[in-house]
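Below, each chain spelled out in residue letters.
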Amino acid sequence: MKDIENSMNSQNLIENWQQVSRQMTQACEHSNRQAEDVTLLAVSKTKSADMIATLAQRGQVHFGENYLQEAIEKIETLKEQPECAGVVWHYIGSIQRNKTRDIAEHFDWVQTVERGIIAKRLNDQRPAEMPPLNVLIQVNIDNEASKSGCLPEQLPELITTIKGYERLQLRGLMIIPAKTDTNAFARTQQLFDAIKQSHPKLNGWDTLSMGMSGDMEEAIAKGSTMVRVGSAIFGERN
Ligand SMILES: *Cc1c(COP(=O)(O)O)cnc(C)c1O
């Protein structure tokens, strides 16, 4: 039996990745932005360590994972491979309270912080020999009851809390907008800029993570600095 992953050989994978990079460059040109101002996060959840290694060899740096057990196995495997030494790992899944230690010990970034108690645990559990953990606050920009993320009105307090934690480096915001919300990107950009202006000492506030396979061009037009792209690179997930 041939599963979806086997049917995608490394040649297809590399072509998809190059195609996504070209689309990003074009989207930047359309909005008069520099290509290097937007980072590609390759979302590799459910995909193999071999596929990650293939792209890392070609120069892809940032990879995003949602499922902790699976992610840790891949991180441990790839640690042994010299061509993956520079890989930067982002946790983009939902965070359960009892999983913060695994995140703090294995990842470089976490994009889905939405509560002070989670931030505190990540700060307390970040190993002393590692650099501070880069943090994005996930915002529930549509005020949807079912969605994760903090509400926009809760942001000031959460920012103040995270700023006080020495083992965390607050970098910006992340959203997963509702499909029906056509101006979520623009509202999030305003929020991101307003926070930057009202906190002039917020060093490192430089990352707005929005846009996925289906809407990355639109997100780049609205100021995204990091697009999280899975299926357009790795193919559909089973
Ligand atoms: C899976 C996932 C993505 C990638 O989605 P695609 O549509 O496959 O590009 C991006 N962000 C988050 C938070 C995800 O969970």
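Residues numbered from 1 in each chain as written. Predicted model: local features only at pLDDT ≥ 70, side-chain atom pairs only at ≥ 80, totals over all residues. Heavy atoms only, no water.

The protein carries the name Pyridoxal phosphate homeostasis protein in an unreviewed UniProt entry, which gives Psychrobacter namhaensis as its organism.

> How should the packing of aromatic side chains be read in this particular structure?
Two descriptors summarise a pair of aromatic rings, namely the distance from one centre to the other and the angle between the planes of the rings. Applying the stated rule across the entire model yields three aromatic pairs. Geometrically, the ring pair formed by Phe 63 and Trp 89 is tilted, given 6.1 Å between the ring centres and 40° between the ring planes. With Phe 63 in strand β2 (residues 62-65) and Trp 89 in strand β3 (residues 88-91), this residue pair connects regions lying 26 residues apart in the sequence. Their ring planes at 70° and their centres at 5.4 Å tell us that Tyr 91 and Phe 107 sit as a pair that is edge-to-face. Of the two residues, Tyr 91 is situated in strand β3 and Phe 107 in the loop between α5 (100-106) and β4 (109-113); the sequence distance between them amounts to 16 residues. Classification of Phe 107 as buried rests on a relative accessible area of 0%. (Phe/Tyr/Trp six-rings, centres within 6.5 Å; stacked < 30°, edge-to-face > 60°. Helix = DSSP H or I, 4+ residues; strand = E, 2+ residues; numbered from the N terminus. Buried < 20%, exposed > 50% of the residue type's maximum accessible area, 1.4 Å probe, protein only.)

> Just to check I follow, could you spell out the site of the ligand for this structure?
The environment of the ligand is formed by 13 residues, the closest being Lys 45, Asn 66, Ser 213, Gly 230 and Ser 231. Take Arg 228: an N or O atom from its side chain is 2.9 Å from a nitrogen atom of the ligand. Between the ligand and Ser 231 there is a distance of 2.8 Å, counted from an oxygen atom to a backbone nitrogen or oxygen. Look at the ligand: alone it shows 390 Å² of surface, and the protein chains cover 88% of it. A molecule is said to occupy a pocket when more than half its atoms come within 2 Å of that pocket's grid points, and by this definition the ligand occupies the largest pocket. (Near = heavy atom within 4 Å. Polar contact = N/O pair within 3.5 Å; in protein donor to acceptor, adjacent residues only side chain to side chain. Areas by Shrake-Rupley, 256 points an atom, 1.4 Å probe, with all protein chains shown as cover. 1 Å grid on protein atoms, 1.4 Å probe; cavity = no way out; pocket = protein on both sides within 12 Å on 5 of 7 lines; lining within 4 Å. Sits in = over half its atoms within 2 Å of the grid points.)

> Got a minute to help me understand the nonpolar core in this structure?
Most often, soluble globular proteins have nonpolar side chains that are buried together. Ranked by size, the top nonpolar core spans 66 residues in total, and within it Phe 63, Val 110, Leu 122, Ile 137, Ile 162, Leu 173 and Ile 233 carry the most contacts. With seven residues, the top contributor of residues to this core is helix α2 (residues 10-30). Setting aside anything within four residues of it in sequence, one finds Leu 173 in contact with Leu 136, Ile 137, Val 139, Leu 155, Thr 188, Leu 191, Phe 192, Ile 195, Trp 205, Thr 207, Leu 208 and Ser 209. Judged by nonpolar contacts, the second largest core, of eight residues, contains Val 43, Val 88, Leu 136 and Met 226. (Core = buried A, V, L, I, M, F, W, Y, C linked by side-chain atoms within 4.5 Å. Contact = heavy atoms within 4.5 Å.)

> Hey, could you run me through the packing of helix α3 (residues 49-58) against helix α4 (residues 68-79) in this one?
Packed helices, taken two at a time, are described by the angle their axes make and the gap between the axes. Two elements in contact, α3 and α4, have axes whose closest approach is 10 Å; the angle formed by their N-to-C orientations is 50°. Compared by their axis directions, α3 and α4 come out oblique. Of the two elements, α3 crosses α4, and the hand of that crossing is right-handed. Mapping the contact onto sequence places Ala 49, Ile 52 and Ala 53 in α3 and Lys 74, Thr 77 and Leu 78 in α4. (Axes fitted to C-alpha atoms, helices over the stretch in contact; angles between N-to-C directions. Parallel < 35°, antiparallel > 145°, perpendicular 65-115°, else oblique. Left-handed = near helix turned anticlockwise from the far one by under 90°.)

> Can you help me understand the layout of surface pockets in this one?
To locate leftover empty space, one rolls a probe as large as a water molecule over the atoms. Each pocket or cavity is described by its volume, and for the largest pocket that value is around 480 Å³. Looking at side-chain class alone, the lining of the largest pocket contains nine nonpolar, six polar and seven charged residues. Quantified by volume, the second largest pocket comes out at close to 200 Å³. Together, Ile 75, Glu 76, Leu 78, Lys 79, Cys 84, Ala 85, Val 87, Trp 89, Glu 105, His 106, Asp 108 and Met 130 line the second largest pocket. Listing elements by their share of the lining of the second largest pocket, those giving two or more residues are α4 and α5. (Points joined across faces, edges and corners; volume = space filled by probe spheres on them. Nonpolar A, V, L, I, M, F, W, Y, C, P; charged D, E, K, R; others polar.)

> Hey, could you run me through unusual backbone geometry in this one?
For residues besides glycine, phi is generally negative; the peptide bonds are generally trans as well. In the Ramachandran plot, Asn 32 falls in the positive-phi region, its phi being about 55° despite a non-glycine side chain. Residue position: Asn 32 is located in the loop between α2 and β1 (39-43). The phi torsion at Asn 143 lies on the positive side, around 55°, for a residue other than glycine. Along the chain, Asn 143 turns up in the loop between β5 (133-138) and α7 (155-163).

> Explain the UniProt feature "domain: Alanine racemase N-terminal" (unreviewed entry) in the protein to me, please; I cannot follow it from the model alone.
When the UniProt feature table is mapped onto this chain, "domain: Alanine racemase N-terminal" (unreviewed entry) is found at residues 33-237. Taken end to end, residues 33-237 has its terminal C-alpha atoms 31 Å apart, with 36% of it in helix and 19% in strand. (UniProt positions renumbered as here; feature names shortened; annotations may be inferred.)

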